[in-house]
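# Residue-level structural notes
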Amino acid sequence: DAGVIQSPRHEVTEMGQEVTLRCKPISGHDYLFWYRQTMMRGLELLIYFNNNVPIDDSGMPEDRFSAKMPNASFSTLKIQPSEPRDSAVYFCASSNPTGANTEAFFGQGTRLTVV
Amino acid sequence: AQKITQTQPGMFVQEKEAVTLDCTYDTSDQSYGLFWYKQPSSGEMIFLIYQGSYDEQNATEGRYSLNFQKARKSANLVISASQLGDSAMYFCAMSPRRGNEKLTFGTGTRLTIIP
């Protein structure tokens with residue numbers, strides 16, 4: 001398996017623009033997570049899905065952030081409009097609750113810079 | 001709510017020595033999972049080791065072992081025979097139940113291995 005695939009790896013955008021981050025989880029994984037990593041706040045969960053259904057979105061900072069999972073193999077995290085304080089590394093992760101191990105596998109991350 | 005505390009922002013260790021990275025946690029859950037992840041300078045999050053709260057034996061994975069002391073709510077990572085490639089950020093994390101849900105991360109410890 002290719003692992004969790006995120007795109008793009010790097011994104012630089014101007015304040016006010018819409019940004020869409022993409023994630024393809026590992027096939028067969030029922031859970032998908034979006035995390036954000038910043039120097040100030042560390043790693044924090046934004047939202048997670050189980051079987052394509054959002055379970056907990058309490059970490060989503062504000063209404064400018066939205067996430068979807070239209071099918072088991074694809075998820076997006078959208079920021080509209082983007083602001084400089086959204087600059088961070090965004091990780092997508094997936095896990096399989098019926099597997100022998102319970103760890104979440106992380107993608108390579110998307111480094112977002114909003115100027 | 002779950003909380004992870006890592007009190008060592010940085011550590012320097014001589015190559016081939018063993019190193020212990022500290023992690024304490026707080027939770028009201030009876031069942032939970034504890035994890036350690038490694039983040040090298042390239043940025044990806046690499047799973048190292050998992051310990052379930054009801055596992056009686058300390059987890060081991062190659063050179064990694066988890067010193068789990070439930071009464072003290074600690075889950076320290078021990079790396080034996082450290083190597084230069086072990087230089088990275090190390091994050092302790094926990095999740096409810098067996099670990100298939102959201103992870104709460106500590107602030108991390110930056111480990112530097114000295115040749």
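The text that follows walks through the structure, step by step, so that each part is easy to find. Every value quoted in this text rests on a predicted model; they were computed, and no experiment measured them.

Time to look at the overall build of chain A. Within chain A, the secondary structure is distributed over zero helices and eleven strands. Listed by position from the N terminus, the elements making up chain A come as β-β-β-β-β-β-β-β-β-β-β. Reported as C-alpha extents along the three principal axes, the dimensions of chain A are approximately 45 × 25 × 25 Å. Classification of the 115 residues of chain A by burial places 49% in the buried group.

Residues and elements named next belong to chain B. Looking at where serine 53 falls in the secondary structure, it is placed in the loop between strand S6 (46–52) and strand S7 (60–61). Overall, serine 53 belongs to the buried group, its relative accessible area being 3%. A polar atom in the side chain of serine 53 sits 3.5 Å from the backbone oxygen of glutamine 30. Ignoring anything within four residues of it in the chain, the contact list for serine 53 reads Gln30, Ser31, Tyr32, Phe68 and Lys70.

Of the residues lining the interface, 16 residues belong to chain B; the matching set on chain A comes to 18 residues. Across the interface of chain B and chain A, roughly 1,600 Å² is buried in total on both sides, 54% from carbon and sulfur atoms. Two residues, Lys102(B) and Asp56(A), come together in a salt bridge whose shortest N-O distance is 2.7 Å. Across the contact surface, chain B and chain A share four residue pairs in polar contact (both at pLDDT 80 or more).

According to the stated counting rule, one finds 16 aromatic pairs over all chains in the structure shown. Seen in terms of ring centroids, Tyr35(A) and Phe106(A) are 5.5 Å apart; in terms of plane orientation they differ by 35°. Their pairing is tilted. Of this pair, Tyr35(A) sits in strand S4 (residues 31–38) while Phe106(A) sits in strand S10 (residues 105–106), and the two are 71 residues apart along the sequence. Neither Tyr35(A) nor Phe106(A) differs from the other in exposure class; each is buried. Ring geometry for Phe106(A) versus Phe105(B): centroids 6.2 Å apart, planes at 75°, classification edge-to-face. Taken as a pair, Phe106(A) in strand S10 and Phe105(B) in strand S11 (residues 104–105) lie in two separate chains rather than in one. Each member of the pair, Phe106(A) as well as Phe105(B), is classed as buried. Three or more aromatic residues joined by ring pairs form one cluster here, namely Tyr31(A), Phe33(A), Tyr35(A), Tyr48(A), Phe91(A), Phe106(A), Phe35(B), Tyr37(B), Phe47(B), Tyr50(B), Phe91(B) and Phe105(B).

Next up on the list: the nonpolar core. Formed by 25 residues in total, the largest nonpolar core has its most connected members in Tyr25(B), Trp36(B), Ile49(B), Leu77(B), Tyr90(B) and Leu111(B). Those elements giving two or more residues to this core turn out to be strand S2 (10–14), strand S3 (19–21), strand S5 (32–39), S6, strand S8 (64–69), strand S9 (74–79), strand S10 (88–96) and strand S12 (109–114) of chain B. Examining the composition of this core, we find that four residues originate from one element, S10(B), more than from any other. With near-sequence residues (within four places) excluded, Tyr25(B) lies in contact with Lys3(B), Ile4(B), Tyr32(B), Leu34(B), Phe68(B), Lys70(B), Lys73(B), Ser74(B), Ala75(B) and Met94(B). Counting 21 residues, the second largest nonpolar core, distinct from the first, contains Val4(A), Val19(A), Met69(A) and Ile79(A).

Residues and elements named next belong to chain A. As summarised here, the arrangement of the four strands in space is S1-S3-S8-S7, forming an open sheet in which the pairing is antiparallel. The open sheet is flanked by strand S1 (5–7) and strand S7 (65–71), the only strands paired with a single partner. Direction aside, the axes of adjacent strands within the sheet are offset by 15° on average. In this sheet, strand S8 (residues 74–79) lies alongside strand S3 (residues 19–24) in antiparallel orientation, the contact comprising five bridges. The residue bridging threonine 20 from the neighbouring strand is lysine 78, located in S8.

Next up on the list: the environment of Gly106(B). Residue and element names in this part refer to chain B. Along the chain, the position of glycine 106 falls in the loop between S11 and S12. The class of glycine 106 is buried, set by a relative accessible area of 4%. In sequence terms glycine 106 and glutamine 6 are 100 residues apart; their C-alpha atoms lie 5.8 Å from each other. Setting aside residues no more than four positions away along its own chain, glycine 106 makes contact with Ile4, Gln6, Phe91 and Cys92.

Before going further, it helps to spend a moment on the side chain of Gln51(B). Residues and elements named next belong to chain B. When you line up the elements, glutamine 51 lands in strand S6. Within the structure, the side chain of glutamine 51 is placed 2.8 Å from the backbone nitrogen of alanine 59, a separation counted as a polar contact. Residues within four places of glutamine 51 in sequence aside, it is in contact with Tyr32, Gly33, Leu34, Gln57, Asn58, Ala59, Leu66 and Phe68.

Parameters at a glance
- Residues numbered from 1 in each chain as written.
- Chains lettered and ligands numbered in written order.
- Predicted model: local features only at pLDDT ≥ 70, side-chain atom pairs only at ≥ 80, totals over all residues.
- Heavy atoms only, no water.
- Helix = DSSP H or I, 4+ residues; strand = E, 2+ residues; numbered from the N terminus.
- Buried < 20%, exposed > 50% of the residue type's maximum accessible area, 1.4 Å probe, protein only.
- Polar contact = N/O pair within 3.5 Å; in protein donor to acceptor, adjacent residues only side chain to side chain.
- Contact = heavy atoms within 4.5 Å.
- Buried area = accessible area lost by both parts, 1.4 Å probe.
- Salt bridge = Lys/Arg side-chain N within 4 Å of Asp/Glu carboxyl O.
- Phe/Tyr/Trp six-rings, centres within 6.5 Å; stacked < 30°, edge-to-face > 60°.
- Core = buried A, V, L, I, M, F, W, Y, C linked by side-chain atoms within 4.5 Å.
- Pairing = 2+ DSSP bridges.
- Axes fitted to C-alpha atoms, helices over the stretch in contact; angles between N-to-C directions.

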